[in-house]
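Each chain, written out:
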Amino acid sequence: MSKYAITVTRLSKSFKLPTERSWGLKQAIFNRLKGIKGYEKQEVLKDISFKIEKGEFLGIVGRNGSGKSTLLKLLSGIYTADSGKIKVNGSLVPFIELGVGFNPELTGKENIYLNGAMLGFSNKEMDAMFDEIIDFAELRPFVHQKLKNYSSGMQVRLAFSIAIRAKGDILILDEVLAVGDAAFQEKCNDYFKQMKKNKNQTIILVTHDMENVKKFCSRAILLENGKIIADGKPKKIAEQYLGLF
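In this text the structure is predicted, and so the values were computed from the model without any measurement.

Rules of the game
Residues numbered from 1 in each chain as written. Predicted model: local features only at pLDDT ≥ 70, side-chain atom pairs only at ≥ 80, totals over all residues. Heavy atoms only, no water. Core = buried A, V, L, I, M, F, W, Y, C linked by side-chain atoms within 4.5 Å. Buried < 20%, exposed > 50% of the residue type's maximum accessible area, 1.4 Å probe, protein only. Helix = DSSP H or I, 4+ residues; strand = E, 2+ residues; numbered from the N terminus. Salt bridge = Lys/Arg side-chain N within 4 Å of Asp/Glu carboxyl O.

Caption draft 1: Summary view of the nonpolar core. Grouped together as the largest cluster of nonpolar side chains are 47 residues, with contacts concentrated most on Ile-112, Leu-158, Phe-160, Leu-171, Leu-173, Tyr-191 and Phe-192. By residue number, the principal contributor to this core is helix 5 (residues 152–165), which donates 8 residues. Counting residues in each nonpolar core, the second largest holds 23 residues, with Val-8, Leu-58, Leu-75 and Leu-92 among its members.

Caption draft 2: Representation of the pattern of salt bridges in the model. Tallying each qualifying case throughout the model produces 11 salt bridges. Between Glu-105 and Lys-146 there is a salt bridge, with the nearest N and O atoms lying 3.5 Å from each other. One end of the pair, Glu-105, is in the loop between strand 5 (92–95) and helix 3 (108–118); the other, Lys-146, is in the loop between helix 4 (123–137) and helix 5, with 41 residues separating them in the sequence. Taking the relative accessible area as the measure of exposure, Glu-105 reaches 42% and is therefore partly exposed. You can call Lys-146 partly exposed: its relative accessible area is 35%. Each of Glu-56, Arg-219 and Asp-231 takes part in a single network of salt bridges with overlapping partners.

What is shown is where atoms sit, not what they do.
Next comes the structure, spelled out in structure tokens:
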């Protein structure tokens, strides 16, 4: 079996950004004849390659617009790459955007099972995880209330608890430590301290907090303008990141 949880090979992704509207068919034909496309191609990731070993705690850092979130969505299967390959070895659980996969009209319990189904888990598997999820989130008294009655902090706790208790081989987290109240952030910190010692799960964390990179990560990657410009020890990568400003 491969020692790598994820292998990324020559990955590229771009988006088409509209530059102007074509009012009617006549204008569209005129623009076409004049060579005006009506959109601008934005290259977000440019031919990047890297590997993540099983059990690694990888930090992905970079300035806004460097391609971090796009990379996570590609790894999670939300976006499709223009070119290149992603090989995932194991089950992957993404925690990228709060509220994705939640239905405000369903109860907390129903949303736990809904999210589990979206992640590929059966009801039986979610039955085994349910108590851990709801207790970590500290939401047992509210589990039968509709999600629309939850505060944003309660929704964060529920979503994060589902992500970390879903027993995936690979956990993808985007800025999770920046949300929630101080007590919940401390709980996240305690969890990550445990996971740093656990070599059975691979964690990918995108963050702008270099202290968290140095504290939790075993390795870090620095993105700039859609390319990997550094890959190595967290302390060194954190210093290079801060040097970009």
